[in-house]
Amino acid sequence: VGESAELVNVHEVAHHWFGDDVTLADWSDIWLNEGPASYSEALWYEREYGQEGLTAYVDWQRESYYGWKSTEGDFALYAPDNLFGGTVYGKGAWILHMLRGFVGDEAFYKALQDYTSRYAYSNASTSEFEESFEASTFTDLSWFFDSYVYGTGEPTLSFGYRVVEDGVVVAIESDKSMPLPVPLRLSEADGSVEDVKVTLTGSSICAFLPTDAPVLGVELD
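None of the values given here were measured: they were computed from a predicted structure. (Residues numbered from 1 in each chain as written. Predicted model: local features only at pLDDT ≥ 70, side-chain atom pairs only at ≥ 80, totals over all residues. Heavy atoms only, no water.)

(A) Structural detail: the overall build of the protein chain. What the protein chain contains, in helices and strands, is six helices and eight strands. For the protein chain, the sequential pattern of α-helices and β-strands runs α-β-α-α-α-β-α-α-β-β-β-β-β-β. What you see for the protein chain is a C-alpha radius of gyration of 19 Å, in line with the 17 Å of a compact globule of 221 residues. When its C-alpha atoms are laid out on the principal axes, the protein chain stretches across 60 × 40 × 35 Å. Taking all 221 residues of the protein chain together, 48% fall into the buried category. Counted over contacts in the protein chain with a minimum sequence separation of 6, partners at least 24 positions apart contribute 60%. Accessible area of the protein chain: about 11,200 Å², with a carbon and sulfur share of 51%. (Helix = DSSP H or I, 4+ residues; strand = E, 2+ residues; numbered from the N terminus. Rg over C-alpha atoms; globule rule 2.2 N^0.38 Å. Buried < 20%, exposed > 50% of the residue type's maximum accessible area, 1.4 Å probe, protein only. Contact = heavy atoms within 4.5 Å. Areas by Shrake-Rupley, 256 points an atom, 1.4 Å probe, with all protein chains shown as cover.)

(B) Fine view of the nonpolar core. Membership of the largest hydrophobic core comes to 52 residues, with the highest contact counts inside it found for W31, L99, F129 and L184. Of the residues forming this core, the biggest block, nine residues, is contributed by helix 2 (residues 31-72). Contacts of L99, omitting those with residues within four sequence positions, involve G104, F108, F129, F133, L141, F144 and F145. (Core = buried A, V, L, I, M, F, W, Y, C linked by side-chain atoms within 4.5 Å.)

(C) Structural context of the packing of aromatic side chains. Enumeration over the complete set of coordinates arrives at 20 aromatic pairs. Ring geometry for F144 against F145: centres 5.8 Å apart, planes inclined by 70 degrees, an arrangement best described as edge-to-face. Both residues of the pair, F144 and F145, count as buried. (Phe/Tyr/Trp six-rings, centres within 6.5 Å; stacked < 30°, edge-to-face > 60°.)

(D) Up close: the sheet that holds strand 7 (residues 204-210). With antiparallel pairing, the three strands of this open sheet are ordered in space as 3-4-7. Sheet topology places strand 3 (157-164) and strand 7 at the edges, where each strand pairs with a single neighbour. Averaged over neighbouring strand pairs, the angle between their axes works out to 15 degrees when direction is ignored. Examined bridge by bridge, strand 4 (residues 167-174) and strand 7 share seven bridges and lie antiparallel to one another. Across the sheet, residue V169 finds its bridge partner in strand 7, namely F208. (Pairing = 2+ DSSP bridges. Axes fitted to C-alpha atoms, helices over the stretch in contact; angles between N-to-C directions.)

The structure is reproduced here in structure tokens:
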């Protein structure tokens, strides 16, 4: 009960920035309130329990979103059919988690600070949030917002690998064509684990990943 109450506190306190300090421009932008507030719960978990806590919590948010989607339907995060459903909360949180993974921690947190400073005591829309993030990170994110915020669904990935001398060859395919960073975990014969990213620039890629020890297995996150 104590932890659940603390998560509610974290969520509602986050609204002082995302919702009060910066207010959404229109109800179509409701995820700008609830997405950051929901992701703040995951950040609290990260602070309390480290990387494993963060992973566990965002995994739970993902499954919650999928559960909601099975009942409320599949619609875009922007201008959602249900203003206060799982898409807005769960997928809204995951949008920020994915942006963090794409641009890196330092750029991510700076971009959030820049956004709240730029629109403090005023209103902001989804397009303005995107523009602010792009300006802060010097990154074109139009493909990301078109796919995940204005579009529906998620990419389905398939992959395979073949161990070769001095490394492993990995093949990845997606049912959506977009620039997509794909995290992989390589388990090596010397007991080490290496986390790498392979970026899809279209719908498929075949990449050679060099390693110091023979590869025993590859996991796709």
